[in-house]
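Descriptive structure summary
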Amino acid sequence: ARFFAPLRMTAGEGLRMTGVLFGVLTILFFFPLQTTALAWEKEDLKTLERANKDYRQGRFQKAIEGYQALAQQFPRDGGLLYNQGNAHYRLENLGAAILAYERAKWLEPRNADIRHNLKYLLDSLEYRIEDKRNWYVQLGEKFLSYFTEKEIRFAVILVFFLLTASWSVCLFFFGAPPWGWPRKLLLAASLILAVFWGGKNIQSHWIRAAIVTAKEAPVRYGPSEGDQVAVRLREGLKVYVVERREDWSRVLLVNGESVWLDNQQIAEIRLR
């Protein structure tokens, strides 16, 4: 008798197990999105209508307050942040407008309207810093900006699941060598997606993008008012937070410099 012989299932049992696993994955990843979409109530819709009316009639600050009140209840709704960005732009609060658009893009990365308005404002900034990062860093950041962390994670799990399922079916049902070209292709895809997932995690949790919201923010060489001012940044510029120390943040600029900013002068894009 052979010990540890591979478990063999009938084709029907294998297909049923695969269907159950795929169904569980689908429920885990998409059910929260559906419940969020169904959470709006009549009072919330009335608040949205009032905010939209305030915007149309030029009461932009009141419109912002209405959108913000709703955003506290529905923090995953990119449309509310997009509307805030439009209202801030009307008030010429460029830093706040860019921050709102960036946050909306974080939630809805492929929304054409959000991307168009954000690009328009970024192109209109008079003060800029030369981007001296490596080309592959810039390209990676641009690519990752088209996907949410959840989407990349789901893609990794789905491809790995398909790889495992096909490998198991091939081994258990047919006894054929498990590494045919389809599985090699799935393995390569899962590795590539895992790299992208790692990059998105670094982008989200380690080097966190933020926007300068103050009209003019003095950048210092140390975390105190007594440290020398290196330069003054204008509102709307993007920086990358790498360290927090009480009321100060050490940030990286795209030209490679590492400096300190008062926390009140910047706001991180990713909402916690």
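Sequence order as written defines the numbering, with residues in each chain counted from 1. Given that the model is predicted, a residue must reach a pLDDT of at least 70 before its local features are reported, and side-chain atom pairs must reach 80 or more before they are shown or counted; all residues, however, enter totals for whole chains, interfaces and linings. With hydrogens and water excluded, all non-hydrogen atoms of the structure serve as input to the side-chain values.

1. Digging into the overall build of the chain
Secondary structure elements are taken from DSSP: a helix is a run of H or I of four residues or more, a strand is a run of E of two residues or more, and numbering for both begins at the N terminus. In terms of regular secondary structure, the chain is built from nine helices and seven strands. Only protein chains enter the area calculation, which uses a 1.4 Å probe; residues under 20% of their type maximum are buried, those over 50% are exposed, and those in between are partly exposed. Counting all 272 residues of the chain, 34% fall into the buried class. Contacts between residues were defined by any pair of non-hydrogen atoms, one from each residue, lying within 4.5 Å. Counting only contacts in the chain whose residues sit at least 6 apart along the sequence, the fraction spanning at least 24 positions is 61%. Note on areas: Shrake-Rupley, 1.4 Å probe, and residue coverage restricted to the protein chains presented here. On the chain, roughly 16,800 Å² of surface is accessible, and the fraction owed to carbon and sulfur atoms is 60%.

2. A closer look at the nonpolar core
We define a nonpolar core as any set of buried Ala, Val, Leu, Ile, Met, Phe, Trp, Tyr and Cys residues linked to one another through side-chain atoms lying within 4.5 Å. Formed by 32 residues in total, the largest nonpolar core has its most connected members in Val 212, Leu 233, Val 239, Val 251, Leu 261 and Ile 266. For this core, the elements supplying multiple residues, two or more each, are α4 (78–90), α5 (94–107), α6 (112–124), β1 (208–212), β2 (216–220), β4 (238–245), β6 (258–262) and β7 (266–268). Setting aside anything within four residues of it in sequence, one finds Val 239 in contact with Arg 208, Ala 209, Ala 210, Val 212, Leu 233, Val 251, Leu 252, Leu 253 and Ile 266. Residues Ala 51, Ala 63, Phe 74 and Leu 80 belong to the second largest nonpolar core, which totals seven residues.

3. Some words on the pairing of β2
Taken across its five residues, β2 has four buried, putting it largely inside the fold. Paired strands, in this sense, are two strands between which DSSP finds at least two bridges. Pairing geometry for β2 and strand β3 (residues 229–234), over five bridges, is antiparallel. Bridging across to β3, Ala 217 finds its partner in Leu 233.

4. A word on the pattern of salt bridges
Each reported salt bridge corresponds to a side-chain nitrogen of Lys or Arg within 4 Å of a carboxyl oxygen of Asp or Glu. Taken as a whole and assessed by the stated rule, the structure comprises 15 salt bridges. Taking the shortest distance from any N to any O, the salt bridge between Asp 54 and Arg 59 comes out at 2.8 Å. Residues joined in a network through salt bridges with shared partners are Glu 102, Lys 105 and Lys 238.

5. Focus on the packing of helix α2 (residues 42–56) against helix α3 (residues 60–73)
The contact between α2 and α3 brings their axes to 7 Å, and the two run at 155 degrees. By the angle between their axes, α2 is roughly antiparallel relative to α3. Relative to α3, α2 is oriented so that their crossing is left-handed. Along the contact surface, α2 presents Asp 44, Thr 47, Leu 48, Ala 51, Asn 52, Asp 54 and Tyr 55, while α3 presents Phe 60, Lys 62, Ala 63, Gly 66, Tyr 67, Leu 70 and Gln 73. Structural elements are reduced to axes, namely lines fitted to C-alpha atoms, with helices fitted over the stretch in contact, and the angle between N-to-C directions of any two is expressed from 0 to 180 degrees. Throughout this description, any angle smaller than 35 degrees is read as roughly parallel, any larger than 145 degrees as roughly antiparallel, any in the 65 to 115 degree range as roughly perpendicular, and the remainder as oblique. For any helix crossing, the convention is left-handed if the near helix is rotated counterclockwise from the far helix by under a right angle, and right-handed if that rotation is clockwise.

6. Observations concerning the packing of α5 against α6
As a packed pair, α5 and α6 sit with axes 9 Å apart at the nearest point and diverge in direction by 145 degrees. Two packed elements cross with a definite hand, and for α5 against α6 that hand is left-handed. Across the interface between the two elements, Leu 94, Ala 97, Ile 98, Tyr 101, Glu 102, Ala 104 and Lys 105 of α5 pack against Ile 114, Arg 115, Asn 117, Leu 118, Leu 121 and Leu 122 of α6. Here the term charged refers only to Asp, Glu, Lys and Arg, the term nonpolar to Ala, Val, Leu, Ile, Met, Phe, Trp, Tyr, Cys and Pro, and the term polar to all other amino acids, Gly among them. Of the residues belonging to the contact of α5 with α6, the class tally is nine nonpolar, one polar and three charged.

7. As for the packing of aromatic side chains
Pairing of aromatic rings covers Phe, Tyr and Trp, the last counted by its six-membered ring, and requires centre-to-centre distances within 6.5 Å; plane angles under 30 degrees mean stacked, over 60 mean edge-to-face, and any other angle means tilted. Scanning all chains against the criterion turns up six aromatic pairs. On the numbers, 6.0 Å between centres and 45 degrees between planes, the contact of Tyr 82 with Tyr 101 is tilted. Here the residue Tyr 82 occupies a position in helix α4, and Tyr 101 occupies one in helix α5, the gap between them amounting to 19 residues. Considered together, Tyr 82 and Tyr 101 belong to a single accessibility category, that of buried residues. Taken together, the ring pairs connect Phe 143, Phe 147 and Phe 196 into an aromatic cluster. Counting as a charge over the ring demands two things of the Lys NZ or Arg CZ atom: a distance within 6 Å of the ring centre and an angle within 35 degrees of the ring normal. Between Arg 115 and the ring centre of Tyr 146, over which it is positioned, the NZ or CZ distance is 3.7 Å. Lying over the aromatic face of Trp 106, Lys 200 brings its terminal NZ or CZ to 4.7 Å of the ring centre.

8. A closer look at a positive patch on the surface
Residues qualify for a patch when their relative accessible area is over 30% and they have no salt bridge, like charges being joined within 9 Å and the nonpolar side chains of Val, Leu, Ile, Met, Phe, Trp and Tyr within 5 Å. The charge count includes Lys and Arg as positive and Asp and Glu as negative, but it does not include His or the ends of the chains. Throughout, a charge is located at the NZ atom of Lys, the CZ atom of Arg, the CG atom of Asp or the CD atom of Glu. The grouping of Lys 42, Lys 46, Arg 50 and Lys 62 at the surface amounts to a positive patch. Here the positive patch gets three residues from one element, more than from any other, and that element is α2. As for its placement among the helices and strands, Arg 50 is situated in helix α2. Here Arg 50 falls in the partly exposed class, since its relative accessible area comes to 46%.

9. Section: the confidence of the model for the chain
Overall, the prediction assigns the chain a mean pLDDT of 83, with 83% of residues at 70 or greater. Scored from 0 to 100, pLDDT reflects the predictor's confidence in each residue. Low pLDDT (under 50) marks residues 1–22, which in the prediction has 16 contacts with non-local residues, meaning those over four places away or in another chain. In the predicted structure, residues 24–38 sits below a pLDDT of 50 and forms 12 contacts with residues beyond four places in sequence or in another chain.

10. Re a nonpolar patch on the surface
A surface patch of nonpolar side chains, about 480 Å² in accessible area, is lined by Trp 135, Tyr 136, Val 137 and Leu 139. Structurally, Tyr 136 can be placed in helix α7 (residues 135–144).

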